[in-house]
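Observations on the three-dimensional arrangement
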Amino acid sequence: MAEVVLRNLTKRWGDFVGVDNQSLEIRDREFLVLLGPSGCGKTTTMRMIAGLEEPTGGEIWIGDRQVNDDLPKDRDVAMVFQNYGLYPHMTVYDNIAYPLKVRGTPRSEIRHRVEAAATKVELAQFLDRKPRALSGGQRQRVALARAIVRTPKVFLMDEPLSNLDAKLRVTMRAELKHLSRELMITTIYVTHDQIEAMTLADRVAVMKSGIIQQLGTPDEIYNNPANLFVAGFIGSPPMNLITGSIRDGMFVTSGGIRLVPVDSADRQEVVLGVRPDDVRVSEEGQGDIDVRIYAFENTGEATLLTVQWGHQRVIARGDRHLRKDQDDCVSISLMADHLHLFDPQSGVRIAS
Amino acid sequence: MRDATLKYLLVLPAVLVVLATAIWPLIESLRLSFTVGRLNRPGSLDQYLGFENFAWAFLYEPAFWNSVTVTAIYTVLTVALTTILALGLALLLAPGGRFRSGVQALLILPFAMSPALIGVSFRFMFNPEFGLFDAFFGVMIPPLADVSWLADPVLAFAVCVMADVWGWIPFLTLVLIGGLASIPQDTIEAAQVDGASGWRVFRDVTLPQLAPVLGVVVILKSIFSLKTFDQIFMLTNGGPGTATQTLSHYIYFNGMKYGQIGYAASVAWLMVIPMIFLTYAYARFVFRRP
């Protein structure tokens, strides 16, 4: 059990900056997700915490100890790798037992703890197999069991679900969540999948180009994105971003349509963000603005309407029973209390 | 022409070449091993003796047993030294190892030299009058200044081993670098995070995964060590006395120098026995199913 503190952590390879002077405090027993597109520095950050990558600058603290100069083996962390990192020449039992074996744990205790860990991830009947005789999901479970077989200070998980097929990923996600609640150990989890981040995290750190863009609970990240990047990255389909200006308390699109009243001072240039769920669809003439349907998609659980006026396209999520066709006309209205305003130059959220 | 016929016609030239240059000499040498087979005695190539040549080698030829011993020690030493040194170098030069790039290119140079040339160069370097080593030791370690390396049975043998190890390390290093590169990096990192020290990572994770490549390396090098001839021929010519006379050299001497082609053929076929074992093991390693 320990908190993890990063102070001005930097990683550079020549001119390329992987992680740029980042500070972050991960609380004891917290599940923190590092979320971002590939190349954003999230995996590098985690590998520096594990000791697999040497920081160019800054400090890493695990508990009350600065670990910059400690070898991975001395940091008391456990890691789950994207490709599982299982030892192919060892059985499942030996794989799970390895962290205990190298620490000189007595044989009887190893057996006891390996069996307990294997039972927890439902692998008890596969202990004699080699990893190659297991399915992807089972291999992932072995990697998990190897991490939980002892009680490390910190769990590190590097995109642990990304090699699984979509269906298995959902199952494993729930299992991971259940397990993490049960173990209550500080966990740092790297992913590019926003659903994983939203569902698993106590707090999410959204990263881009080596810089943490926003740190907050999933609710905060989703409901109050700090900038255009976070707004566009979180949510599927992503938030609609409409450029325009604010005149007399009204948002006016670049095309000159007075769209919706906003609670903000007048501005020449502004980006209005609205999530597809916050765009209400109604019959023609009954909403704020009449638009033509560019595409109608039925996903089964909902319908997605891409509507267009001028050059502006907006995605709205409609009721799952709604049936429309391309080129039909509908009316949309934006829900005034769920709007986000951003500065188009800096991308920063404008407080309303 | 039908494809079925054409495909055989197309490989026919290659098959004929192999038959003429490999299969026929092989069969002919087997036949000769059962004959009197004296090059200076007309008709003796068709005078059959049964297994007498083989019995002669085993029962009445101390020189045969000497060359067997020399070959065995030579093989064990060169295989062990080359493999261990090449493994060490490969670990340093592998991706993620400490030295890389330019050094790798330099490394291949000794392997680019023909074994006969290596033999000649080493003979010159160990020449007691004007050799490089003689001059070197004269300055660095004066007591070794006047040692005649190639005149002493043990030292001459050591020089042979050294020249062979020197010549073979690069190739084996490159093969092992390839083997190391194919080990998934995350298994090594997983072991580091799991708490293993550098040595335990190597012993528990790297080495077992390298074992198939290491097996191939050891077997290949054993085959090459067993049949060593050219380098010994140029370096010591089997001497002093017969201190460095390997089996191949013994066969060559009996067959070419003394004209006892039948006897030489029978000893050559005795050498085939360990070779068959090694080749079989090699094939098992290379073609085994994952």
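All figures in this text were calculated on a predicted structure; none of them were measured in a lab. (Residues numbered from 1 in each chain as written. Chains lettered and ligands numbered in written order. Predicted model: local features only at pLDDT ≥ 70, side-chain atom pairs only at ≥ 80, totals over all residues.)

The parts lose accessible area when they come together, and the size of an interface is often stated as this lost area. All names here are of chain A. Domain boundaries assigned for chain A yield domain 1 (4–233) and domain 2 (240–342). Using C-alpha coordinates to define each centre, domain 1 is positioned 39 Å away from domain 2. Across the contact, five residues belong to domain 1 and five residues belong to domain 2. Split by residue class, the side of domain 1 that touches domain 2 holds three nonpolar, two polar and no charged. (Domains from an automatic or database assignment. Contact = placed C-beta atoms within 7 Å. Nonpolar A, V, L, I, M, F, W, Y, C, P; charged D, E, K, R; others polar.)

All names here are of chain A. Across the junction of serine 236 and proline 237, the peptide omega takes the value -5°, indicating a cis bond. As for its position among the elements, proline 237 is in the loop between α8 (228–233) and β11 (240–247). Even without a glycine there, the phi angle at arginine 29 is positive, about 65°. Position of arginine 29 among the secondary structure elements: in the loop between β2 (16–26) and β3 (31–35). (Helix = DSSP H or I, 4+ residues; strand = E, 2+ residues; numbered from the N terminus.)

This next bit is on helix α2 (residues 92–101) of chain A. Along α2(A), eight of the 10 residues are buried, which leaves the element largely enclosed by surrounding structure. Along α2(A), the residues classified as buried are Val92(A), Tyr93(A), Asn95(A), Ile96(A), Ala97(A), Tyr98(A), Pro99(A) and Leu100(A). On its buried face, α2(A) sits against β6 (77–80), α3 (107–120) and α4 (136–148) of chain A together with α9 (185–194) of chain B. (Buried ≥ 20, exposed ≤ 12 C-beta atoms within 10 Å, placed from the backbone.)

Before going further, it helps to examine the environment of Leu210(B). Residues and elements named next belong to chain B. Examined against the element boundaries, leucine 210 turns out to sit in helix α10 (residues 198–226). C-beta crowding within 10 Å serves as the criterion here: with 20 such atoms nearby, leucine 210 is assigned to the buried category. Counting along the chain gives 29 residues from leucine 210 to alanine 181, while the straight-line C-alpha distance between them is 9.7 Å. Leucine 210 has contacts with Gly179, Leu180 and Ile183, leaving out every residue within four places of it along the chain.

Averaged over chain B, the pLDDT score is 86; the fraction of residues at 70 or greater is 95%. With pTM at 0.80, the complex prediction returns an ipTM value of 0.83. (pLDDT = per-residue confidence, 0-100.)

All names here are of chain B. One way to put it is that α10 packs onto helix α13 (residues 261–287) with a least axis distance of 9 Å and a crossing angle of 155°. Our classification of the angle between α10 and α13 gives roughly antiparallel. α10 and α13 meet at a crossing whose hand is left-handed. Residues Pro212, Gly215, Val216, Ile219, Leu220, Ser222, Ile223 and Leu226 of α10 pack against Pro274, Met275, Leu278, Ala281, Tyr282, Phe285 and Val286 of α13. (Axes fitted to C-alpha atoms, helices over the stretch in contact; angles between N-to-C directions. Parallel < 35°, antiparallel > 145°, perpendicular 65-115°, else oblique. Left-handed = near helix turned anticlockwise from the far one by under 90°.)

Residue and element names in this part refer to chain A. Sheet architecture is open: four strands sit in the order β2-β1-β4-β5, paired in antiparallel fashion. The open sheet is flanked by β2 and β5 (65–66), the only strands paired with a single partner. Note that strand β1 (residues 4–13) and strand β4 (residues 57–62) share five bridges and pair antiparallel. Within β4, the residue paired with arginine 7 across the bridge is glutamate 59. Of the strands in this sheet, β1, β2 and β4 are in contact with helix α1 (residues 42–50), which crosses β1 at around 115°. (Pairing = 2+ DSSP bridges.)

Residues and elements named next belong to chain A. Pairing between strand β12 (residues 250–253) and strand β13 (residues 258–261): three bridges, direction antiparallel. Bridge assignment links valine 252 to a residue of β13, and that residue is arginine 258. The antiparallel pairing of β12 with β13 creates a hairpin that spans four residues between the two strands, and glycine 256 there sits at a positive phi of about 95°.

Formed by 101 residues in total, the largest nonpolar core has its most connected members in Val33(A), Met79(A), Ile96(A), Ala145(A), Leu156(A), Ile188(A) and Val206(A). In terms of domain composition, this core takes at least three residues from each of domain 1 (4–233) and domain 2 (240–342) of chain A. With residues near it in sequence (within four places) discarded, Ile96(A) still touches Val114(A), Ala117(A), Ala118(A), Val142(A), Ala145(A), Arg146(A) and Val149(A). In this structure, Leu87(B), Ala94(B), Ile169(B) and Phe171(B) belong to the second largest nonpolar core, which totals 17 residues. (Core = buried A, V, L, I, M, F, W, Y, C linked by C-beta atoms within 7 Å.)

Another aspect to go through is the pairing of strand β7 (residues 154–158) of chain A. All names here are of chain A. A large share of β7 lies buried, amounting to five of its five residues. With burial as the criterion, each face of β7 is covered, one bearing Val154, Leu156 and Asp158 and the other bearing Phe155 and Met157. Direction of pairing for β6 relative to β7: parallel, over a ladder of four bridges. In the sheet register, valine 77 faces β7, and the bridge partner there is valine 154. As paired strands, β7 and strand β8 (residues 186–191) are joined by five bridges and run parallel to one another. Paired with methionine 157 across the two strands is tyrosine 189, which belongs to β8. With helix α5 (residues 166–183) bridging β7 and the parallel β8, this β-α-β connection has right-handed handedness. (Right-handed = clockwise from strand over helix to strand, strands pointing away.)

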